[in-house]
Amino acid sequence: MLRIRNLEVAYGRRLALRRVSLHVDQGEIVSLIGANGAGKTTLLRTVAGLVRPAGGQVLFRGRDTAGLATERVVALGCSLVPEGRQVFATMPVLENLLLGATVQYRRGRRAEVEADLARAYRLFPRLEQRAGQLAGTLSGGEQQMLAMARALMARPALVMLDEPSMGLAPLVVKDLFAAIRTVRAEGATVLLVEQNARAALRLADRGYVLETGRVVLEGSARALLDNRDVQRAYLGGEPSAAREGERP
Amino acid sequence: MSDASAQAAVCWQPEIERMDREALEQLQLERLEATLTRVYRTLPFYRQRLDAAGVDPDAVRSVEDLRRVPFTTKEDLRASYPYGLFAVPLRDVVRLHASSGTTGLATVVGYTRNDLRHWGSAVARVLVAGGVTREDVVQVAFHYGLFTGGFGLHQGAELVGASVIPMSSGHSRQQLRIMQDYRTTALACTPSYAMHLADELLEAGVPRGALSLRLGLFGGEPWSEGLRRQLEEKLQISATDNYGLSEVLGPGVAGECGEKRGLHLAEDHLLAELVDPVSGAPARPGAVGELVLTTLTKEAFPLLRYRTGDLTTLTTERCACGRTLARMGRVLGRTDDLLIVKGVKVYPSQIEAVLVALEGADPHYQIVLTRRASMDEATVLVEVSEAIFFDEMRRQSGLRETIARRLAEELGVHVAVRLVERKSLDRGDGKAARVVDRRGA
Amino acid sequence: MTTALALQYLVAGLTYGTIYAVVGIGFNIIYNTTGIINFAQGEFVMLGGMTAASLHRLLPLPLAVLGAVALTTLVGAAVELTFIRWLRRPSVLRMIIVTIGVSILLREAALHLWGEGVRSLPYFTGDEVTALELGGARVSPQVLWSLATCGAVVVALQLFFHRTRTGREMRACAANREAAALCGLATRDLVTLSFALSAGIGALAGCVVSPITYTRYDIGASLALKGFTVAILGGLGNAGGAVAAGFLLGTLEAFSIAVLPAAYKDVLAIAILLLILFLRPSGLFGDRELARLGAS
């Protein structure tokens, strides 16, 4: 579904991404982990059309999206849940959700919007309770759910999430990730960027490790979890001998 | 054979083995780039090599670009003995294996947990392609030890779910006994050993019906179609070839499917190139060339463009079995003077090194290879001084035994030694005279 | 000061206040949607009045006004398409400079087209001497026209922004432009729309008050200043606040004549602007809470 080859993205003089290649196949959950500044957010923003690449190719469903306007990328079926939620704070929850469905309205699928709204409330009951509240008054976790639900209203084929767990309590993160699983089960493909490497890899099928704008490791989520360097750098050290055989 | 063909269609990892080539190339590109980045960062050897060649790892963005990366050779591996090319700390390495030679000419390879997993699945793929299922009883008659053959096949077979008999090599009588009693269905060993066992069977008068054997997974040395036919007839099995080398993985690098028209390579773990052995340039399409392998998933012991020294062909044409992985042809020969004696790699230079160190022996020798009862036999003719040659039998045999012992230690395989008169060996020019191979097919 | 005089001043203040309010609203629309302070806003008002006056030579009054509004709307869109759209990552300063440049351009164009002369539309109803008696003050019907127009604009905008999908999209664009783009909104087109809308309502205001205040090629600059003051005073982003602030400024200005020489009228606006920026940048009516949410 998504195929990136040798992507190069610059911020001024600095290269945020140097020849990054990765792919996401239909129905997968792929996690991108790495330290701050590694380039993960830049990657997602480039795919979403917010950033113009300096080189390389981004193929989404066979179309080259490098340089396409964001609205076109969303219309093609790729939605980004951005870092920091970015809800429309001065507008109520319901309007946030309806705005997420903009592309659906343009496609003339009003009936689907109704159904999707119901589905959003099913996934995140709290949002229904707060439908009339201004989005800016929601808690961090609720805002994250709103941001996710909003992106899903467009019925995207690929959902990209940028650090959804940031600043959220572990219990909330658990709910959020459960929602991601549900979303995948319902047919979407997910590309997840996370600082919380352990949670991200447990959720994902495959993963990539990004360091200073380059991919240093690729493999199944399990292989990444078992990779010592990953354990040392991102999973809080190596497991003790006693826990060696255990699944982390 | 239709039974085997039907089974050939079964894949251990169909999502990989039947991947469409575009997706495979994308996967290879990603893994190649990640490997380059990692290797440049963690291995001073490669960082210096790439810097010296003026190659920026970030600039390698395709298989074509990879050609600018210098080759890695056996000498490089030897020079890094033991752990110079390990990309991870030793405590992350959970297995060590070695290839040919004891000191000075040996190579050590290491595996992390993930490496073992990948290795296992590569071998499992080869076994399944050869027809093995979990119902099978697999007798592994490769040597268990530092060499990768025994453990490699063992791991793969166990993964498939077959019942594995870790026989290791040798003890032919016992091998046959076990083969009958344990109802072995698949035999994994070198083709020459298989032939030897077949002959022993005949000699022992064991009726073919007493065996449950149906598959042969043979590798570790080059062997001909003629030998395959013989083996298949004598043992009433379907015999497939598989290829491996410990520097890069072990067994599991490639294996034949039921079509028996080429060995499918584990292209998700290795990037295969074919180069002209003299110039190093890419071989012309369809031509014979030297197989060069780059590891894509190795953590502990990654290698860039390793010259295997094996001459073969490469094709990406679709195979009737449905696998899309490229196929290499049977190995046609070597680019160097490496010999394989009883499945063990022997470099004539090893022999030379032993002789030079020994008092009394001249470093002029000739290795004569013959085959008796389907087993390789090696005799090393060593020139000695007249004094020794005409000396007492006792002293001569003492020297002969010493040489034989030293050679066995160094090479890892037993060779007979004969002392000959000085200058009696054909000088010729260079290597050609060193080896007389009378083994035929 | 007699009640009648006071009322007279009040009425004058309301009249001018209308324009100020509308210019302020125009500022707000563009600012909200794009974050740009459009210093050419006053020129839109000027263009409305001038174009209507010219069109009136050929067309009856209602059509002239309609045509002027339509044409100025197009000018607004054209300005955005030509000068604003292709700017990449503009800084605030750059945008201010660009819009000042545009205002100069439009002013010069007006000078060339219409010369230095003063124009005006005829009174919509009655003429310059028609007057209604309201509590001792003489109020021209045109004042009522302008108040009504202002009121209609405010109501229409309210309906537009809160009851239509496009209006909602513009509000979203204003709340968070990047998030809007991520929802698939055609943000660039919405920006163009905001310019067009501001130009249109500015032109309408210009038409409605031109019988009283007259229009000249150079009225844009001081209008922009006052409109800007009004927008800030009322709280940037707050339409109702802009209206209230507009009337307040207009009234203050009108009453200032009693105290200061007429020439200092404009100075008052500047003084008020500075005062607000020092004391209460969120404006008199700016919702601190809303501003905080909007900033988050």
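Now for a quick tour of the structure. (Residues numbered from 1 in each chain as written. Chains lettered and ligands numbered in written order. Predicted model: local features only at pLDDT ≥ 70, side-chain atom pairs only at ≥ 80, totals over all residues. Heavy atoms only, no water.)

**Regarding the overall build of chain C**
Line of reasoning, step 1. For chain C, the helix and strand inventory stands at twelve helices and two strands.
Line of reasoning, step 2. Taken from N to C terminus, the helices and strands of chain C fall in the order α-α-α-α-β-β-α-α-α-α-α-α-α-α.
Line of reasoning, step 3. Relative to the globule expectation of 19 Å for 296 residues, the C-alpha radius of gyration of chain C, 19 Å, shows essentially globular dimensions.
Line of reasoning, step 4. Dimensions along the principal axes, computed over C-alpha positions, put chain C at roughly 55 × 45 × 35 Å.
Line of reasoning, step 5. In chain C, buried positions account for 49% of the 296 residues.
Line of reasoning, step 6. When contacts within chain C are restricted to residue pairs at least 6 apart in sequence, those whose partners lie at least 24 apart make up 75%. (Helix = DSSP H or I, 4+ residues; strand = E, 2+ residues; numbered from the N terminus. Rg over C-alpha atoms; globule rule 2.2 N^0.38 Å. Buried < 20%, exposed > 50% of the residue type's maximum accessible area, 1.4 Å probe, protein only. Contact = heavy atoms within 4.5 Å.)

**Things to note about the sheet that holds strand β4 (residues 55-60) of chain A**
Line of reasoning, step 1. The strand order across the open sheet formed by four strands is β2-β1-β4-β5 (chain A), and the pairing between neighbours is antiparallel. Lying at the two open borders of the sheet, with one neighbouring strand each, are β2 (14-24) and β5 (63-64) of chain A.
Line of reasoning, step 2. The pairing of β4(A) with β5(A) spans two bridges and is antiparallel. Its bridge partner being in β5(A), A:Leu59 is matched across the sheet by A:Asp64.
Line of reasoning, step 3. Those strands touched by helix α1 (residues 40-48) of chain A are β1 (2-11), β2 and β4 of chain A, and its axis lies near 110 degrees from that of β1(A).
Line of reasoning, step 4. Where helix α3 (residues 21-42) of chain B meets the sheet, it contacts β1 and β2 of chain A, and its direction lies at approximately 140 degrees from that of β2(A). (Pairing = 2+ DSSP bridges. Axes fitted to C-alpha atoms, helices over the stretch in contact; angles between N-to-C directions.)

**Examining the pairing of strand β8 (residues 189-194) of chain A**
Residue and element names in this part refer to chain A.
Line of reasoning, step 1. Across the six residues of β8, six count as buried, placing the element largely inside the fold.
Line of reasoning, step 2. Covered by surrounding structure in β8 are Thr189, Leu191 and Val193 together with Val190, Leu192 and Glu194, the residues of both alternating faces.
Line of reasoning, step 3. Here strand β3 (residues 29-34) pairs with β8 via five bridges, running parallel. Residue pairing for β8: serine 31 is matched across the bridge by leucine 192.
Line of reasoning, step 4. The pairing of strand β7 (residues 158-162) with β8 spans five bridges and is classified as parallel. If you follow valine 159 over to β8, its bridge partner there is valine 190.
Line of reasoning, step 5. What joins β7 to β8 is helix α8 (residues 170-185), and the crossover it makes is right-handed. (Right-handed = clockwise from strand over helix to strand, strands pointing away.)

**Comments concerning the pattern of salt bridges**
Line of reasoning, step 1. Counted by the stated rule, this structure contains 48 salt bridges over all chains.
Line of reasoning, step 2. In this structure, the salt-bridge partner of A:Glu211 is B:Arg41, at a minimum N-O distance of 2.4 Å. One end of the pair, A:Glu211, is in strand β9 (residues 206-211); the other, B:Arg41, is in helix α3, on a second chain.
Line of reasoning, step 3. Exposure remark for A:Glu211: the relative accessible area of 25% places this residue in the partly exposed category.
Line of reasoning, step 4. B:Arg41 sits in the partly exposed class, given a relative accessible area of 35%. (Salt bridge = Lys/Arg side-chain N within 4 Å of Asp/Glu carboxyl O.)

**Topic: the interface of chain A and chain B**
Line of reasoning, step 1. Tallying the contact residues gives 29 residues for chain A and 25 residues for chain B.
Line of reasoning, step 2. Interface area, chain A with chain B, both sides summed: about 2400 Å², of which 36% is carbon and sulfur.
Line of reasoning, step 3. Linking chain A to chain B there are nine salt bridges.
Line of reasoning, step 4. A salt bridge links A:Glu8 to B:Arg61; the shortest N-O distance between them is 2.6 Å.
Line of reasoning, step 5. Run the count over chain A and chain B and you get 21 residue pairs in polar contact (both at pLDDT 80 or more).
Line of reasoning, step 6. Take the side of chain A that touches chain B: its biggest share by element is six residues, from β2(A).
Line of reasoning, step 7. Within the side of chain A that touches chain B, the residues separate by chemical class into eight nonpolar, five polar and 16 charged. (Buried area = accessible area lost by both parts, 1.4 Å probe. Polar contact = N/O pair within 3.5 Å; in protein donor to acceptor, adjacent residues only side chain to side chain. Nonpolar A, V, L, I, M, F, W, Y, C, P; charged D, E, K, R; others polar.)

**Section: helix α5 (residues 141-163) of chain C**
Line of reasoning, step 1. The end-to-end C-alpha separation of α5(C) is 32 Å, in line with the 33 Å expected for 23 residues at 1.5 Å each.
Line of reasoning, step 2. Along α5(C), the positions that sit buried rather than exposed are C:Pro141, C:Gln142, C:Val143, C:Ser146, C:Thr149, C:Cys150, C:Val153, C:Leu157 and C:Phe161. (Expected span 1.5 Å × (residues − 1).)

**Some thoughts on the pairing of strand β3 (residues 137-140) of chain B**
All names here are of chain B.
Line of reasoning, step 1. Burial of β3 is two-sided: the residues Val137 and Gln139 facing one way and the residues Val138 and Val140 facing the other way are all buried.
Line of reasoning, step 2. In terms of strand pairing, β3 meets strand β5 (residues 186-189) through three bridges, oriented parallel. Bridging from a neighbouring strand, valine 140 pairs with alanine 188 of β5.

**So, the nonpolar core**
Line of reasoning, step 1. One finds B:Tyr46, B:Leu127, B:Val132, B:Tyr243, B:Val248, B:Val253 and B:Leu303 to be the most contacted residues of the largest nonpolar core, which totals 62 residues.
Line of reasoning, step 2. Here this core takes seven residues from helix α7 (residues 113-129) of chain B, the largest share from any one element.
Line of reasoning, step 3. Among residues more than four places away in sequence, those in contact with B:Tyr46 are B:Val39, B:Thr72, B:Leu85, B:Pro302, B:Leu303 and B:Leu304.
Line of reasoning, step 4. A:Ala101, A:Val113, A:Val172 and A:Ala188 belong to the second largest nonpolar core, which has 55 residues in total. (Core = buried A, V, L, I, M, F, W, Y, C linked by side-chain atoms within 4.5 Å.)

**What about the sheet that holds strand β4 (residues 163-166) of chain B?**
All names here are of chain B.
Line of reasoning, step 1. With mixed pairing, the nine strands of this open sheet are ordered in space as β4-β3-β5-β6-β7-β8-β9-β14-β13. The open sheet terminates on both sides in strands that have one partner only, identified here as β4 and β13 (314-315).
Line of reasoning, step 2. By the bridge criterion, three bridges tie strand β8 (residues 250-256) to strand β9 (residues 263-265) in an arrangement that is antiparallel. From the neighbouring strand, glutamate 256 faces β9, where its bridge partner is leucine 263.
Line of reasoning, step 3. Against the sheet, α7 engages β6 (215-219), β7 (238-245) and β8, with an angle of about 30 degrees to β8.

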